Amino acid sequence: MTDAVMGELVPYRSPRAHADRTSRLGMVIFLASWAMLFAALFFVYGMIRARADVWPPAGAPRLPIALPALATVVLASSSAALVRSLALLERGRVRSASLALGAALVLGTVFLVVQTTVWRSVHAAGLEPATGPYGSAFYSLTGLHAAHVVVGLVALAALVIGALRGSYGPARLLPIRLWAMYWHFVGVVWLLLYVTVYLV
Amino acid sequence: MSAESYLASPRGVRSWLLTTDHKRIAILYLVSVTLFFFLGSAFAVAIRLELLTPAGDAVQADTYGRLFTMHGVVMIFFFLIPAIPTVLGNFLVPMMIGARDLAFPRLNLLSWYVYVLGASISLWAIVHGGVDTGWTFYTPFSTTYSNGAVVTTGIGVFITGFSSILTGLNFIVTIHRMRAPGLGWYRLPLFIWAHYATSLMMVLGTPVIAMTLLLVVAERALGLGIFDPARGGDPILFQHLFWFYSHPAVYIMVLPAMGVISELVTAFAKKNIFGYRFVAWASIAIAVLGFFVWGHHMFVSGQSAYAGMVFSALSFLVAVPSAIKVFNWTATLYRGSVSFRTPMLYAFGFIGLFTIGGLTGLFLSALGLDVHVHDTYFVVAHFHYIMVGGTIMAFLGGLHYWWPKISGSSYPEGWARFSALVIFVGFNLTFFPQFLLGYLGMPRRYHAYPPELQVLNVMSSAGASILGVGYLIPMVYLFWSMRYGARVAANPWGASGLEWTTPSPPPTCNFETTPVVTQDPYTYSSEEAQVVG
Ligand SMILES: [Cu+2]
């Protein structure tokens, strides 16, 4: 028999700080898992590239560099706006925090517009999803990333509405913090994507 | 002031389907994985019936292809991978660390619904003709030529993967954040270490198979061209991605089983585990090394000779932590007061059969020998020794060991020992001849074979029917015992571990007060604790 259990009374409900850290750890693990989702696609892209004799493959157009660079800047500013929003919220400046949150939302939407423009120009230049491995990998990677941007934008929109209604403050900013982690993750994936697909 | 048991209240189907109690979710999973186990077994019965005679007579070649595919898909994705973590893990992880529940109880319920959704979609695919690709979905057959329901099945497996990810995530966070005061990492039961290592693999490996299946589905449905050589794609790339998950998946199936065995061996030898830290870290080592050996499935697929050598060497290396565990369990038994109760019989079964499965795995990681026995029944026998002889033995052993805790009643010991024996005999009769068949060159996945191989095949089919009976008996008496079995006290085995300090079945809150841990695990006697601790 074990006598590991002492009759000491410790309350079950953990304090909020404990619960918040638990949720944040959950988000970290979740994002690590999601990183593997993208890692699989990056691996696919890398293998296709390693096997190709010329790059881009014969018949495939050269990808633009400037427009995706603009997209990178836009998405980075969106992340920065979110950081700013959290800092303001911690100091109780709910009004300005909501504005910064709105800015993050607008910048994220601009990113999608730029991304769509890139797709259109690349598609017009003759790269189709079903023409071969290169096109398939390009559209899968950028498409999966864009889907994550859309999910983030929906969440940001909900957060903006909540912030305007005064749902968040210094004592309650966990949802914003968690979505900010997600949003930074989407930004980092984009940076890697930009470097591997457009630059190198 | 003892609270009501988790089984008794609240009542009603609704309270079960909307529960966030980890113990009830474990029961939901138990019911669902058992259903899929018997569904998968039904396919196995059909396979063994066909192989009773050399001629392909009972079913068409095409039907046979669907039978073994559905057997593999159902058993691997809907039974073996979830079985121990979602049933025993769900029930025990919070109890063993003195917590009220998992870190994210609603996520836990969600993971069950995701599992049910994914499994139902695949079930729908079975009803609508099934799949004939093998559980491995190899391209370009799966993307181009197969006329089975690849898309539906793929989506079903894809969805089920997220249930696995959510469960793993929940376990990792729970083990980090919810341990009772005083419960340091080296005081955790080895079951917890095993589940931690398993969760790491679930969280980091499953997304890769999810993405791979998504690409297969996209290739088949939307005409993407990543794997199909006709479109410039690379079918070997599929194999890399598939095995990057599916080799670790073997450890997702067997690591939790090893965790169960560590608990059984200590409880029934009444001894502390020999080399606690080695066993604990062996789990982590297996989880890490397991990610770097996938190429041993591709020795004959045309990967480079150097890649083959590296993967062969690494595969030998991953056997080391597994061997450490086997040696440590055996050393734990040494001079222990071993009692041969049913769970211990299963533990013995596991150790012996897993060792055979592991050693034949070394045959297969040897480059030259693998070329000879690749895609033969030798491979089939090898992984059934790991998955059936290993995982299912441990699952049944664990289920018997914790059944008094889960149900509050004891199972009939005589019947239980009898069925454990039937299962052991049936298992060996089914699968040992398959080693010989494989060595003699019988390829897997064919519904006809040369007449001189019939004797061994008949033995295998006979064994399968014994095995089937062996599995039905516990199903009946465990169900029976819930109503008619004798009620049990909190700790019927005299075992150590926090889960035994609370009533059987436990109240919904698990512990009336949060336990405070002041001891290392497996303290079965004080002298023992002094000697080893
Ligand atoms: Cu393997």
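Residues numbered from 1 in each chain as written. Chains lettered and ligands numbered in written order. Predicted model: local features only at pLDDT ≥ 70, side-chain atom pairs only at ≥ 80, totals over all residues. Heavy atoms only, no water.

Q: Can you help me understand the interface of chain A and chain B in this one?
A: One frequently used descriptor of interface size is the decrease in accessible area upon assembly of the parts. Contact with chain A, which involves 38 residues of that partner, is made by 46 residues of chain B. The contact between chain A and chain B buries some 3,600 Å² in all, and 71% of this surface belongs to carbon and sulfur atoms. Linking chain A with chain B are one salt bridge. Across the contact surface, chain A and chain B share five residue pairs in polar contact (both at pLDDT 80 or more). (Contact = heavy atoms within 4.5 Å. Buried area = accessible area lost by both parts, 1.4 Å probe. Salt bridge = Lys/Arg side-chain N within 4 Å of Asp/Glu carboxyl O. Polar contact = N/O pair within 3.5 Å; in protein donor to acceptor, adjacent residues only side chain to side chain.)

Q: I tried to follow the nonpolar core on my own but got confused; where do I start?
A: Across soluble globular proteins, you tend to see nonpolar side chains buried next to one another. Residues and elements named next belong to chain B. Phe-77, Leu-88, Phe-350 and Trp-402 are the most contacted members of the largest nonpolar core, which totals 241 residues. Here this core takes 24 residues from helix α8 (residues 235–269), the largest share from any one element. Trp-402 has contacts with Leu-88, Leu-92, Met-96, Phe-191, Val-260, Glu-263, Glu-499 and Trp-500, leaving out every residue within four places of it along the chain. (Core = buried A, V, L, I, M, F, W, Y, C linked by side-chain atoms within 4.5 Å. Buried < 20%, exposed > 50% of the residue type's maximum accessible area, 1.4 Å probe, protein only. Helix = DSSP H or I, 4+ residues; strand = E, 2+ residues; numbered from the N terminus.)

Q: Looking at this structure, how should I read the coordination of the copper ion?
A: For a metal with four donors in a tetrahedral arrangement, the ideal angle between donors is 109.5 degrees, while six donors in an octahedron ideally sit at 90 or 180 degrees. All names here are of chain B. Donor atoms from the polypeptide that bind the copper ion are His-247 (ND1), His-296 (NE2) and His-297 (NE2), placed at 1.8 to 2.0 Å. Counting along the primary sequence, the residues that act as donors to the copper ion give the motif H-x48-H-H. Linking His-247 in helix α8 with His-296 in the loop between α9 (276–289) and α10 (305–333), this pair joins segments that are 49 residues apart in sequence. There is no split in this pair, since His-247 and His-296 are both buried. (Donors = N, O, S within 2.8 Å, 3.2 Å for Na, K, Ca; no water.)

Q: Would you mind showing me how to read the side chain of Asn428(B) here?
A: All names here are of chain B. Position of Asn-428 among the secondary structure elements: in helix α14 (residues 413–439). A distance of 3.0 Å separates a polar side-chain atom of Asn-428 from the backbone oxygen of Phe-424. The contacts of Asn-428, once residues within four sequence positions are left out, are Leu-353, Tyr-385 and Pro-433.

Q: I tried to follow the environment of Val425(B) on my own but got confused; where do I start?
A: Topologically, Val425(B) is positioned in helix α14. C-alpha separation for the pair Val425(B) and Leu467(B), spaced 42 residues apart in sequence, amounts to 7.6 Å.

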